[in-house]
Amino acid sequence: MNPSVLAFEAWDAGSHRAIRESISRHGRLDWAFVTMAGRSPRWRLRHASLRFAERIRTEPVGGEDLRSHQDPDAIFATGMLSLADLRAGLPPKLRNLPFILSMHENQAAYPVSGAVGDSTRDRDDHLAFTNLASIEAADRVVWNSRWNLESFIEGMSGILRHSPEPLGDQWIQRLEAKSTVVPPPIEAIEIESAKALHNPGRMGYPDAAGAERRVLHVAWPHRWEHDKGCEEFLEIADEAARREEAGGPVIRWVILGRETPAAPAAMKELLTRHADRIAHAGGLDRPRYLAWLARCDWVLSTARHEFFGMAVAEALLAGCLPWLPSRLAYPELVPEDALGINPWSVESGRNSAGLRSRIQSRLKRAHASVAVPALEAVIQEAIEASRGRS
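Residues numbered from 1 in each chain as written. Predicted model: local features only at pLDDT ≥ 70, side-chain atom pairs only at ≥ 80, totals over all residues. Heavy atoms only, no water.

Draft legend 1. Representation of the overall build of the protein within the structure. Across its full length, the protein carries 15 helices and twelve strands. Counting every position in the protein, which comprises 390 residues, the buried fraction comes to 53%. Roughly 17,900 Å² of accessible area belongs to the protein as shown, and the carbon and sulfur atoms make up 50% of that amount. (Helix = DSSP H or I, 4+ residues; strand = E, 2+ residues; numbered from the N terminus. Buried < 20%, exposed > 50% of the residue type's maximum accessible area, 1.4 Å probe, protein only. Areas by Shrake-Rupley, 256 points an atom, 1.4 Å probe, with all protein chains shown as cover.)

Draft legend 2. Expanded view of the side chain of Arg-87. Looking at the element boundaries, Arg-87 is found in helix α3 (residues 83-89). From its side chain, Arg-87 meets the backbone oxygen of Arg-95 in a polar contact 2.8 Å long. When residues no more than four places from it in sequence are discounted, the contact partners of Arg-87 are Arg-95, Asn-96, Leu-97, Phe-99, Ala-137 and Asp-139. (Polar contact = N/O pair within 3.5 Å; in protein donor to acceptor, adjacent residues only side chain to side chain. Contact = heavy atoms within 4.5 Å.)

Draft legend 3. Local environment of the environment of Glu-154. As for its position among the elements, Glu-154 is in helix α6 (residues 146-160). Counting along the chain gives 45 residues from Glu-154 to Ala-109, while the straight-line C-alpha distance between them is 8.1 Å.

Draft legend 4. Just the packing of helix α9 (residues 230-245) against helix α10 (residues 265-273), in detail. Interaxial distance between α9 and α10 falls to 8 Å at its minimum, and their mutual angle equals 25°. By the angle class used here, α9 and α10 are roughly parallel. As for the relative orientation of α9 and α10, their crossing is left-handed in sense. The residues of α10 that touch α9, namely those facing Cys-230, Glu-231, Phe-233, Leu-234, Ala-237 and Asp-238, are Ala-266, Met-267, Glu-269, Leu-270 and Arg-273. A per-class count over the contact of α9 with α10 returns seven nonpolar, no polar and four charged. (Axes fitted to C-alpha atoms, helices over the stretch in contact; angles between N-to-C directions. Parallel < 35°, antiparallel > 145°, perpendicular 65-115°, else oblique. Left-handed = near helix turned anticlockwise from the far one by under 90°. Nonpolar A, V, L, I, M, F, W, Y, C, P; charged D, E, K, R; others polar.)

Draft legend 5. Geometry of the packing of α6 against helix α7 (residues 170-178). Packing of α6 against α7 leaves a shortest axis separation of 11 Å and a crossing angle of 165°. Between α6 and α7, the interaxial angle falls into the category roughly antiparallel. Crossing handedness for the pair α6 and α7: right-handed. Between α6 and α7, the residues in contact are Arg-146, Leu-149, Phe-152, Ile-153, Met-156, Ser-157 and Leu-160 and Trp-171, Ile-172, Leu-175 and Glu-176, respectively. Classifying every residue of the contact of α6 with α7 gives eight nonpolar, one polar and two charged.

Draft legend 6. Looking closely at the confidence of the model for the protein. Across the protein, the average pLDDT comes to 90, with 88% of residues at or above 70. Low pLDDT (under 50) marks residues 116-121, which in the prediction has five contacts with non-local residues, meaning those over four places away or in another chain. (pLDDT = per-residue confidence, 0-100.)

Draft legend 7. Here's a closer look at the sheet that holds strand β5 (residues 140-143). The strand order across the open sheet formed by six strands is β2-β1-β3-β4-β5-β6, and the pairing between neighbours is parallel. The open sheet terminates on both sides in strands that have one partner only, identified here as β2 (30-37) and β6 (179-181). The mean inter-strand angle of the sheet, taken between neighbouring strand axes irrespective of direction, is 20°. Where strand β1 (residues 4-12) meets β2, seven bridges bridge the pair, whose relative direction is parallel. Its bridge partner lying in β2, Glu-9 is registered against Thr-35. Taken strand by strand, helix α2 (residues 41-58) contacts β1 and β2, and its axis lies near 125° from that of β2. Of the strands in this sheet, β4 (99-103), β5 and β6 are in contact with α6, which crosses β5 at around 115°. (Pairing = 2+ DSSP bridges.)

Draft legend 8. Molecular detail of the pairing of β5. Across four bridges, β4 lies against β5 in parallel orientation. Paired with Met-103 across the bridge in β5 is Trp-143. As judged from the three bridges shared by β5 and β6, these two strands associate in the parallel manner. By the bridge assignment for β6, Trp-143 is matched with Val-181.

Draft legend 9. Representation of unusual backbone geometry within the structure. Positive phi, normally seen in glycine, also occurs at Ser-40, with a value near 50°. In this fold, Ser-40 is placed in the loop between β2 and α2. Overall, Ser-40 belongs to the partly exposed group, its relative accessible area being 37%. Phi is positive for Leu-328, close to 55°, though the residue is something other than glycine. Structurally, the position occupied by Leu-328 is in the loop between β12 (321-323) and α13 (330-333). Exposure remark for Leu-328: the relative accessible area of 11% places this residue in the buried category.

Draft legend 10. Highlighting the nonpolar core. Counting residues in hydrophobic clusters, the biggest one holds 75 residues, and the most contacted among them are Trp-31, Trp-253 and Ile-379. If you look at the next biggest cluster of nonpolar residues, it comprises 39 residues, including Val-34, Leu-45, Phe-52 and Leu-175. (Core = buried A, V, L, I, M, F, W, Y, C linked by side-chain atoms within 4.5 Å.)

Draft legend 11. Main features of helix α15 (residues 368-389). With 22 residues, α15 should reach 32 Å at 1.5 Å per residue; the first-to-last C-alpha distance of 32 Å fits that figure. Every buried residue of α15 is accounted for by Ala-368, Ala-371, Val-372, Leu-375, Glu-376, Val-378, Ile-379, Ala-382, Ile-383 and Ser-386. The arc enclosing the buried residues of α15, seen along the axis, measures out at 145°, which places them on a common side. (Expected span 1.5 Å × (residues − 1). Arc of directions from axis to C-beta.)

Draft legend 12. Region of interest: the pattern of salt bridges. Applying the stated criterion to the full structure yields 30 salt bridges. Notably, a salt bridge pairs Arg-46 with Asp-85, separated by 3.6 Å at the nearest N-O pair. Here Arg-46 is found in helix α2, whereas its partner Asp-85 is found in helix α3, with 39 residues between them in sequence. Residue class for Arg-46 comes out partly exposed when judged on its relative accessible area of 40%. Residue Asp-85 is classed as partly exposed on the basis of its relative accessible area, which comes to 25%. A salt bridge links Glu-244 to Arg-277; its shortest N-O distance comes to 3.1 Å. Note that Glu-244 is positioned in helix α9 and Arg-277 in the loop between α10 and β10 (278-281), a separation of 33 residues in sequence. The residues Glu-244 and Arg-277 share a single accessibility class, namely buried. One salt-bridge network, held together by shared partners, links Arg-223, Glu-225, Asp-227, Lys-228 and Glu-306. (Salt bridge = Lys/Arg side-chain N within 4 Å of Asp/Glu carboxyl O.)

Here it is, written out as structure tokens:
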């Protein structure tokens, strides 16, 4: 019988849900997830563990659907809760199991909007302490990128410098000793199918003299929020328009990220100023999203924070060339010479086939069929180590 894992997901939406579904699809361990909807992030980080523990105490490990997990072999949770509170609140028979924490993001490096007041910024520092307590309570910590891990250490160290008493750096040593990096699972087969089904080839665009100029479609796959660099996106769109008018590449924007009610002013200006150069703007269901990716030549990121970049990785797997800055987790996704390039410096045709091939090879570790077994190997090791101590 395969070991059983009782898993807690306090933010069952977006990439968190996609990862949960990939684990359920590709995992060989006996997984059971207890979930909460993806809303009210600050409340989730401070309150979800208490709610989960209450459910376990009052609904015998979650009720009918989790009856086979009365005696799990390990506890798994993502970082959108306080693992320390969860471990303290669960029944005694569960507290001594190995606890594995998956850090999909971290609050020490999460950028705060300029519109947020000082009191909220102080509360956000407390959420970083929630992350630190979760890490201390875990037996193993899985990070989706080295950047995520290192940015937490850097950000938390900066916060601790304001402490009235020093904490020392032992917490860093403990963190590194129990940490490993496993990329989030990406459904590569699903992306390959979309490429085969939906890529319609390239269409030309007549210039002023009537000659046909190739259209380059560029995906921008981010949420329309302050941390995704909408101002930089507008500057790039302005530059692309100037170059096109001067005879440069014809670029059409495919804006695939989810629209938000309070979209930055720069995004609203871009939609107005460059309306005739936007092929699509707004969120889509999964099949149509992948169909658009299959039509794109490049993927552009202007993000100011990205702990891995699943949407960018999906676009790269779909065959897009990387229009990426040399920051955040991007140096982990693509070879060094693939950073800092753009449609004005690199041809998108056959000359780039070798680059695409090397990017695809780099990203194989993120294929769900590879990443989920890698995650389960960490859990299996934690279970075996726990049994060896008992």
